[in-house]
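Coordinate analysis (summary)
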Amino acid sequence: MPLTEQDIALLKEKAWLARRNTIQTLMWAGGGHAGGALSQIDILVALYYHYLKIDPKNPKWEDRDRVVLSKGHGGIGYAPILADVGYFDKELLKEFNHTGSPFGMHLDMLKVPGVDASTGSLGHGLSIAAGMALGARLKKKTWRVYCILGDGECHEGAVWEAAMSAAHYKLDNLTAFVDRNKHCIDGPTETVMALEPLKDKWISFGWHALVIDGHDFAQIGSAIDEALETKGRPTVIIAQTIKGKGVDFMEDDPAWHYGGIDSDKMELALKSIDRMYGKA
Amino acid sequence: MSTGLTYHTYDTDHMTPAEIYGHVLAELAEERKEIVGLTADLAKSTKIGKFGSKFPHRFFNVGIAEQNLFGMAAGLALAGFIPFVSTFAVFASLRAGEQVRTDICYMNLNCKIIATHSGISFGQAGSTHHCTEDLAVMRSFPNMTVIAPADGYETANAVIACVDHPGPVYIRIGRGFEQTVYTGPDYGFQIGKAVTMHEGSDITVMAIGPCVLHAVEAAKRLKEQGISVRVLNMHTIKPIDKEAVLAAVNDTRRIITVEPHNIYGGLGSAVAETIVEAGKACRLKRLGLQDEFAIVGYTDDLYSYYKLDDNGIMEAVAEMLEVEVEEDEDWENEI
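Keep in mind that this is a model prediction, so the values were computed, not measured.

**As for the interface of chain B and chain A**
Counting residues at the interface gives 23 residues for chain B and 22 residues for chain A. For the side of chain B that touches chain A, the elements supplying multiple residues, two or more each, are helix 4 (66-78) and helix 6 (97-105) of chain B. In terms of residues, the side of chain B that touches chain A owes the most to one element, helix 4 of chain B, which gives 9 residues. In terms of residue class, the side of chain B that touches chain A is built from 12 nonpolar, 8 polar and 3 charged.

**Observations concerning the pairing of strand 2 (residues 145-150) of chain A**
Residues and elements named next belong to chain A. Across the 6 residues of strand 2, 6 count as buried, placing the element largely inside the fold. Residues Val 145, Cys 147 and Leu 149 line one face of strand 2 and the alternating positions Tyr 146, Ile 148 and Gly 150 line the opposite face, and both faces are buried. In this structure, strand 1 (residues 66-69) lies alongside strand 2, joined through 4 bridges in parallel fashion. Across the sheet, the residue bridging to Arg 66 is Val 145, located in strand 2. Strand direction decides the pairing type here: strand 2 and strand 3 (residues 174-180), joined by 6 bridges, are parallel.

**Some points on unusual backbone geometry**
Glu196(A) connects to Pro197(A) through a cis peptide bond whose omega is 0°. Within the fold, Pro197(A) resides in the loop between helix 6 (189-192) and helix 7 (198-204). Note that the residue after Lys238(B), namely Pro239(B), is joined by a cis bond; omega there is 0°. With respect to the secondary-structure elements, Pro239(B) resides in the loop between strand 10 (236-238) and helix 10 (242-252). For Lys170(A), which is not glycine, the phi dihedral falls at a positive 55°. In this fold, Lys170(A) is placed in the loop between helix 5 (157-168) and strand 3. Positive phi, normally seen in glycine, also occurs at Lys182(A), with a value near 75°. Along the polypeptide, Lys182(A) turns up in the loop between strand 3 and strand 4 (183-184). Given 20 C-beta atoms within 10 Å, Lys182(A) falls into the buried group.

**Considering the nonpolar core**
If you look at the biggest cluster of nonpolar residues, it comprises 198 residues, and the most contacted ones within it are Ala73(B), Val205(B) and Ala215(B). Take this core: its biggest share by element is 11 residues, from helix 2 (residues 34-51) of chain A. Both domains that furnish three or more residues to this core are identified here as domain 1 (17-172) and domain 2 (195-322) of chain B. Residues in contact with Ala215(B), not counting those within four places in the same chain, are Val205(B), Ala207(B), Val231(B), Val258(B) and Ile313(B).

**Here's the deal with the pairing of strand 11 (residues 254-262) of chain B**
Residue and element names in this part refer to chain B. Of all 9 residues in strand 11, 9 are buried, a share of seventy percent or more. By the bridge criterion, 6 bridges tie strand 11 to strand 12 (residues 283-289) in an arrangement that is parallel. Of the residues in strand 12, the one forming a bridge with Asn 262 is Leu 289.

**Looking at the environment of His183(A)**
All names here are of chain A. As for its placement among the helices and strands, His 183 is situated in strand 4. Sequence separation of His 183 and Ile 242 is 59 residues, and the distance between their C-alpha atoms is 9.1 Å. For His 183, the contacting residues outside a window of four places in its chain are Gly 35, Pro 188, Thr 189, Lys 243, Pro 254 and His 257.

**Focus: the packing of helix 4 (residues 125-138) of chain A against helix 5 of chain A**
All names here are of chain A. Between helix 4 and helix 5, whose axes approach to 8 Å, the crossing angle comes to 20°. Here helix 5 runs roughly parallel to helix 4, going by the angle between their axes. In this structure, the crossing between helix 4 and helix 5 has a hand that is left-handed. For the pair helix 4 and helix 5, contact is made by Leu 126, Ser 127 and Ala 130 and by Ala 158, Val 159, Glu 161, Ala 162, Ala 163, Ser 165 and Ala 166, respectively. Here the contact of helix 4 with helix 5 is built from residues that sort into 7 nonpolar, 2 polar and 1 charged.

The rules we used
Numbers given for residues are sequential positions, taken from 1 along each chain in its written order. Chain letters and ligand numbers both follow the written order, the letters beginning at A and the numbers at 1. Given that this is a predicted model, residues contribute local features only at a pLDDT of at least 70 and side-chain atom pairs are listed and counted only at 80 or more, while totals for whole chains, interfaces and linings are drawn from all residues. In this description, any two residues whose backbone-derived C-beta atoms lie within 7 Å of each other are considered to be in contact. Strands are runs of DSSP state E lasting at least two residues, helices are runs of H or I lasting at least four, and both sets are numbered from the N terminus onward. Charged residues are taken to be Asp, Glu, Lys and Arg, nonpolar residues to be Ala, Val, Leu, Ile, Met, Phe, Trp, Tyr, Cys and Pro, and polar residues to be all remaining types, Gly included. Put simply, a residue is buried when 20 or more other C-beta atoms lie within 10 Å of its own C-beta and exposed when 12 or fewer do; between those, it is partly exposed, and each C-beta is set from the backbone. DSSP-based pairing: two strands are paired if at least 2 bridges between them are found. One nonpolar core equals one set of buried Ala, Val, Leu, Ile, Met, Phe, Trp, Tyr and Cys residues connected by C-beta atoms within 7 Å. The domain limits used here are those given by an automatic or database domain assignment. The angle between two axes is taken between their N-to-C directions and runs from 0 to 180 degrees, where each axis is a line fitted to C-alpha atoms and a helix contributes only its stretch in contact. Should an angle fall under 35 degrees it is called roughly parallel, over 145 degrees roughly antiparallel, and 65 to 115 degrees roughly perpendicular, with every other angle called oblique. Crossing handedness is defined as follows: a turn of the near helix away from the far one that is anticlockwise and smaller than a right angle gives a left-handed crossing, while the clockwise case is right-handed.

Shown next as structure tokens:
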């Protein structure tokens, strides 16, 4: 079912909050992967506030949908959402990156409730997600698996090993997103190592592939709906995004792949986010 | 054994340890529905195919893609299954080493890796297919248990035991036919507990894999010469049986380790660490690959060439018995 205007209004509100919380956490953490955390947020918001069958009071509920944040460096933008939906107390985010904290920049499933797989090293998550999806089929369960990949991550050969097998096993209960923010650490993906034609690559690997605006909830919603209806093959949603989306001085600037902010910078960032959502 | 099954069907005279593994897994899986099997185009070579042909819907051959192999196994473990993953040791420990470490050990998943063609057992294939580094690699991964069975019976025991041993387990076996050292499976195999194969008081030989049989044969021949050799089967390299190592230090003061592996990082290293940390003095010689890639050849020839066979062990024993060792009178106080 397409998202209603009411649904979209709620998601926008949650995305505004998630971006603010990410920036706040970034300051507490002393540094983090700001750019990629902000580019992926609307995908995570759509999943966590509309689509996922989860029970944050029972994080290991067997029939839950699974999420594998294969671009594990997005953890700083993921943890605030997990806190907000109720997996743990938001106050804990103040410890992000601190010595001995359960929260490092790449989230550990054994320490952070709601995280379904520990990720961080790129190119691992899609295989794990494919294994989970295969497991659901073996157990005759209806849970679905969502995997969020970075675009630079698609340089990793292991992504394509996983892509090949997900198609081979016809894992239509698996949906992958590529957060296509167009930058890896050393510069634009197309300069460092060209990914395009990316959609064609996924199609040639046997996937149903869509390209959408990854900051437009109507498009994210209809893409997920299409994935839910697609049978016999997995779906990849290539979400065109902007690295650092919402913070004007971070947007599209590879320097903000990883960075820290002080309280002054935080205020500027929050104001920029508020402006984007018409809250200022 | 909690499975309630008994195994008396394996025929070590006619089956390799890998074939026995395949049969045992297929039998185990009848009762244990949570067992799934995975390989990367080595169903036949590793013999996991015996499980696969019996339970095709629980068996996944992912093609020649070892990184994906271990990642998918992690996903299946997260979904509540006990994946048995088989490929060659060199691919499990090196090609997919990071997946084993990060996807399986870091998440402490209940995944069992049965790696074949380890050590120099694929002699003629050369160093691309030898694996004399896996023990070092696997031993350094937290949560991992590392086992190198001596023969087919012990392979069966290790495979059965690992099902209910929580967390990741790495079992390294060879390629082809290996002579048995045991006469049956009932000798009290326990993960983490060395087995005394031959009593002795002059010197201790600690061995793994096919080297256990060579050590026993050497000990028998040396006994005829009046030399008393204790032989320990150190099938579990991690956790190492510290008690057995320190008892050997105390009782014999001379230890030789024998392993088809680089002398760095494997059994010899684990034994050396145990001795040194206990603060005890002891003569130690590590037989293995002396930090070199092995030559190409028949596997039996390679065991002989690298002095890992009966004669090589006898030679090392004779050399070590030439060396004086001091008595330790404060043993009880210090240990």
